[in-house]
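Residue strings, one per chain:
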Amino acid sequence: MKIESAETVVTSPGRNFVTLRITTTDGVTGLGDATLNGRELAVDSYLRDHVAPLLVGRDAGRVEDTWQYLYRGAYWRRGPVTMAALAAVDMALWDIKAKAAGMPLYQLLGGASRTGALAYGHASGRDVPELFDSVRAHLEAGYRAIRIQTGIPGLDSVYGVAASTAGGGQRYDYEPARPTALPVEEAWDTRAYLRHVPTVFEAVRSEFGPELPLLHDGHHRMTPIQAAKLGKALEPYDLFWLEDATPGEDQAALRLIRQHTTTPLAIGEVFNSAHDYTLLLQDRLIDYVRSAVTHTGGITAMKKLLDMAGHYGAKSGIHGPTDISPVGMAAALHLDIAIHNFGIQEYMRHTPETLEVFRTSYTFADGLLHPSDTPGLGVELDTEAAARFPYRAAYLPVNRLTDGTVHDW
Ligand code: GCO
Ligand code: MG
């Protein structure tokens, strides 16, 4: 079975997605997610201009060989654009292999290790009462683990807080990449944040009790010592994890945080290679691996990364915001079900428009996600629907301290 064509589809049903569709000489098609929020067209070009010509005529069954060919063969390796492109090829080839075998992908990854994947949703509110409403709505929607983010007194708009609570917060519609000519600029004050967050967790624990797994995302904004202080302050509230406490490229920062707190640590959504985790795993500085299948070279690379994490007692927490397309989400779910060291899966529901373009078959019930038993990844792309939603340039916000200094967003 040879690759006959490899085309990209860029569509914007509410937000931008880049999808690779590979077709074989036998007429089997496979899909891969290549979405890199705010830099979509760079990956589209990488795939169209540099990768697709290399794929045509290759044996579609040689997944590992194709991965190595594109990774080592490019000479220039790693980086978010390269690894998102590679991920899309890898997902599409696994999709084809599993469809050809007549099996859901997780069967080819070793079969099911569990009955479903525990998912967490994003509750948020501009203040605590609004946050409580959002937590309640998530519980009603079936979530059994919840991420908590709130507005900070004195700051106008803050990462992770839905601009609109329409729909009672049941569908979290926070989409930070806005279709504007220039990125929106937000203002940030870490000291105000550090004072406020423990009071929010105190309120949530007293309202919702000790059982509910609670998560929080620091979104790269703290220094190591600030993160250590927050981790310590949050210990009484028994977090499932504190995510991205410090900027991703500073691996040694996690050692300092670790020395001060027993709050579990998660990091990695901006990483794109298993090599980014070497120190973190070997020195046991983190508890959860946050990479996205889409940004870390696909299923082949993620399986190896998660197996390596397992050797060091770390678990998976695969990145799953709405900028991961339903194709990338399905790839995550097949891994979640198959691997031994599963931790949790992030799950923000896609908009109805997105689900019109991507026909999914995975399901969510009783707090658990289930990949379907449809052969392959279990997602189909409706290209006619995709064409109705043309690409719109969009940027993620830029963050500044209140004195104007550019800060991590
Ligand atoms: C998360 C992430 C996302 C990112 C987004 C940027 O934990 O879900 O932090 O919300 O901000 O992926 O494109
Ligand atoms: Mg995050």
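Keep in mind that what you see is a predicted model, and the values were worked out from it rather than measured.

## Examining the packing of helix 5 (residues 128-140) against helix 6 (residues 190-208)
Next, step 1: The interhelical angle for the contact between helix 5 and helix 6, taken along N-to-C directions, is 45 degrees, at an axis separation of 11 Å. When the interaxial angle is binned, helix 5 and helix 6 end up oblique. Both helix 5 and helix 6 take part in a crossing whose hand is right-handed. In this structure, helix 5 contributes V128, L131, F132, V135, R136 and L139 to the contact, and helix 6 contributes V200, A203, V204, E207 and F208.
Next, step 2: A per-class count over the contact of helix 5 with helix 6 returns nine nonpolar, no polar and two charged.

## Some words on the sheet that holds strand 3 (residues 29-33)
Next, step 1: In spatial order, the strands read 1-2-3; together these three strands make up an open sheet with antiparallel pairing. In the strand order of this sheet, the two ends are held by strand 1 (3-11) and strand 3, each with one partner. Geometrically, the sheet is characterised by an average inter-axis angle of 20 degrees between neighbouring strands, direction not taken into account.
Next, step 2: Bridge analysis of strand 2 (residues 17-24) against strand 3 gives five bridges, and the strand direction is antiparallel.

## Points about the nonpolar core
Next, step 1: Within the largest apolar cluster, 113 residues are counted, with the highest numbers of intra-cluster contacts made by I22, L47, V89, I148, V293 and I299.
Next, step 2: Ranked by the residues each element gives to this core, the list is headed by helix 3 (residues 80-101), at 13 residues.
Next, step 3: Here this core spans two domains, since at least three of its residues come from each of domain 1 (3-104) and domain 2 (117-374).
Next, step 4: Those residues in contact with I299 that sit more than four places away from it in its chain are D90, M91, W94, L105, L109, V293, A331, L335 and L377.
Next, step 5: Membership of the second largest hydrophobic core comes to eight residues, among which are A145, L215, W241 and I344.

## A word on the domain arrangement of the protein chain
Next, step 1: Here the domain parsing of the protein chain yields domain 1 (3-104) and domain 2 (117-374).
Next, step 2: Listed per partner, the contact involves 29 residues of domain 1 and 33 residues of domain 2.
Next, step 3: Between domain 1 and domain 2 lies a buried interface of about 2,300 Å² when both sides are counted; carbon and sulfur atoms form 60% of it.
Next, step 4: Taken together, the links from domain 1 to domain 2 amount to two salt bridges.

## Quick notes on the pattern of salt bridges
Next, step 1: Evaluated as defined, the whole model comprises 23 salt bridges.
Next, step 2: Residue R78 pairs with D276 through a salt bridge whose shortest N-O separation is 2.9 Å. Of this pair, R78 sits in the loop between helix 2 (63-73) and helix 3 while D276 sits in the loop between strand 9 (265-267) and helix 9 (278-282), placing them 198 residues apart in sequence.
Next, step 3: Between R255 and D283 there is a salt bridge; the shortest N-O distance is 3.0 Å.

## Comments concerning the sheet that holds strand 6 (residues 185-188)
Next, step 1: Sheet architecture is open: three strands sit in the order 6-17-18, paired in mixed fashion. One side of each edge strand has no neighbouring strand; the edge strands of this open sheet are strand 6 and strand 18 (406-407).
Next, step 2: Where strand 17 (residues 398-401) lies against strand 18, two bridges are found, and the strand directions are antiparallel. Across the sheet, residue R400 finds its bridge partner in strand 18, namely V406.

## What about the environment of A87?
Next, step 1: Mapped onto the elements, A87 comes out in helix 3.
Next, step 2: Among the residues examined, A87 registers a relative accessible area of 0% and is labelled buried.
Next, step 3: The spatial distance from the C-alpha of A87 to the C-alpha of M302 is 9.4 Å, given a sequence separation of 215 residues.
Next, step 4: In this view, A87 contacts D33, V293, T294, G297 and G298; residues no more than four positions away in its chain are not counted.

## Section: the packing of aromatic side chains
Next, step 1: By the definition in use, this model includes 14 aromatic pairs.
Next, step 2: For the ring pair Y159 and W409, a centre distance of 5.5 Å and an interplane angle of 85 degrees mean the geometry is edge-to-face. With Y159 in the loop between strand 5 (146-150) and strand 6 and W409 in the segment after strand 18, this pair connects stretches of sequence that are 250 residues apart. Of the two residues, Y159 and W409, both sit in the buried class.
Next, step 3: Three or more aromatic residues joined by ring pairs form one cluster here, namely Y120, F240, W241 and Y288.
Next, step 4: Across the ring face of Y69, the terminal group of R58 is positioned such that the distance to the ring centre comes to 4.3 Å.

Rules and cut-offs
- Position numbers for residues count from 1 along each chain, tracking the sequence in the order it is written.
- Written order determines the labels here, with chains lettered from A and ligands numbered from 1.
- The model is predicted, so local features are restricted to residues of pLDDT at least 70 and side-chain atom pairs to those at 80 or more, both for listing and for counting; the totals for chains, interfaces and linings are taken over all residues.
- Excluded from the side-chain calculations are hydrogens and water; all other atoms, namely the structure's heavy atoms, are used.
- An axis is simply a line fitted to the C-alpha atoms; with a helix, the fit covers only the stretch in contact. Between two such axes, the angle follows the N-to-C directions and lies from 0 to 180 degrees.
- Runs of E in the DSSP output that reach at least two residues are strands. Runs of H or I that reach at least four are helices, and both are numbered from the N terminus.
- Note on terminology: angles under 35 degrees are roughly parallel, angles over 145 are roughly antiparallel, angles of 65 to 115 are roughly perpendicular, and the others are oblique.
- Left-handed describes a crossing in which the near helix is turned anticlockwise from the far one by less than a right angle; the clockwise case is right-handed.
- In this analysis, two residues are considered to be in contact whenever any of their non-hydrogen atoms come within 4.5 Å of each other.
- Amino acids outside the nonpolar list (Ala, Val, Leu, Ile, Met, Phe, Trp, Tyr, Cys, Pro) and the charged list (Asp, Glu, Lys, Arg) are all regarded as polar, and Gly is one of them.
- Whether two strands pair depends on DSSP finding at least two bridges between them.
- For our purposes a nonpolar core is just a set of buried Ala, Val, Leu, Ile, Met, Phe, Trp, Tyr and Cys residues, chained together by side-chain atoms within 4.5 Å.
- Partly exposed describes any residue whose relative accessible area lies between the buried limit of under 20% and the exposed limit of over 50%, with all areas from a 1.4 Å probe on protein chains only and scaled to the type maximum.
- The domain limits used here are those given by an automatic or database domain assignment.
- Note: buried area is the sum, over both parts, of the accessible area (probe 1.4 Å) each one loses when the two are combined.
- Salt bridge, as used here: a side-chain nitrogen of Lys or Arg that lies within 4 Å of a carboxyl oxygen of Asp or Glu.
- Stacked, edge-to-face and tilted labels apply to pairs of Phe, Tyr and Trp rings (six-membered ring for Trp) whose centres lie within 6.5 Å, assigned for plane angles under 30 degrees, over 60, and everything in between, in that order.
- Our definition puts a charge over a ring when NZ of Lys or CZ of Arg is within 6 Å of the ring centre and also within 35 degrees of the ring normal.

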